[in-house]
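# Summary of the model geometry
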Amino acid sequence: MKSYYIRTYSGSTDYLSILDETAEGFMVRIYRDQDGYEKIIDEYMPASLFESCIRTGYLLEIEKKAASASA
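The rules behind these values
Residues numbered from 1 in each chain as written. Predicted model: local features only at pLDDT ≥ 70, side-chain atom pairs only at ≥ 80, totals over all residues. Heavy atoms only, no water. Pairing = 2+ DSSP bridges. Helix = DSSP H or I, 4+ residues; strand = E, 2+ residues; numbered from the N terminus. Axes fitted to C-alpha atoms, helices over the stretch in contact; angles between N-to-C directions. Contact = heavy atoms within 4.5 Å. pLDDT = per-residue confidence, 0-100. Core = buried A, V, L, I, M, F, W, Y, C linked by side-chain atoms within 4.5 Å. Buried < 20%, exposed > 50% of the residue type's maximum accessible area, 1.4 Å probe, protein only.

It is worth spelling out the sheet that holds strand β3 (residues 25–34) at this point. Read across the sheet, five strands follow the order β4-β3-β2-β1-β5 without closing on themselves; strand pairing throughout is antiparallel. Looking at the sheet topology across the chains shown, the edges are occupied by β4 (37–46) and β5 (59–61). Put simply, the sheet's adjacent strands are angled 30° from each other on average, direction ignored. By the bridge criterion, ten bridges tie β3 to β4 in an arrangement that is antiparallel. Paired with isoleucine 30 across the two strands is isoleucine 41, which belongs to β4. Against the sheet, helix α1 (residues 47–56) contacts β1 (3–6), β2 (13–21), β3, β4 and β5, and its axis sits at roughly 120° relative to β4.

Below is the structure:
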């Protein structure tokens, strides 16, 4: 499951996770945290909107930290 930061201007910490993918779009879960108030929203996002959000930088993929190999 991929997760993305949501760019906001309100100072809140928002994330989006993909729950399921279809040919037409995605079921996503949005986590919002603003001043300790948490809200979770599950909704459908059309593929065209998701691609536009990626292209414009509104969504930025959260990179998983690679395990460092010790030699």
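A few words now on the confidence of the model for the protein. When the pLDDT values of the protein are averaged, the result is 87; 90% of them are 70 or greater. Here β3 stands out as the least confident element of the protein, with mean pLDDT 93; α1 is the most confident, with 96.

Here the focus is the nonpolar core. Ranked by size, the top nonpolar core spans twelve residues in total: Tyr4, Ile6, Leu16, Ile18, Phe26, Val28, Ile30, Met45, Ala47, Phe50, Cys53 and Leu59. Residue assignment for this core shows that the elements contributing at least two residues are β1, β2, β3 and α1.

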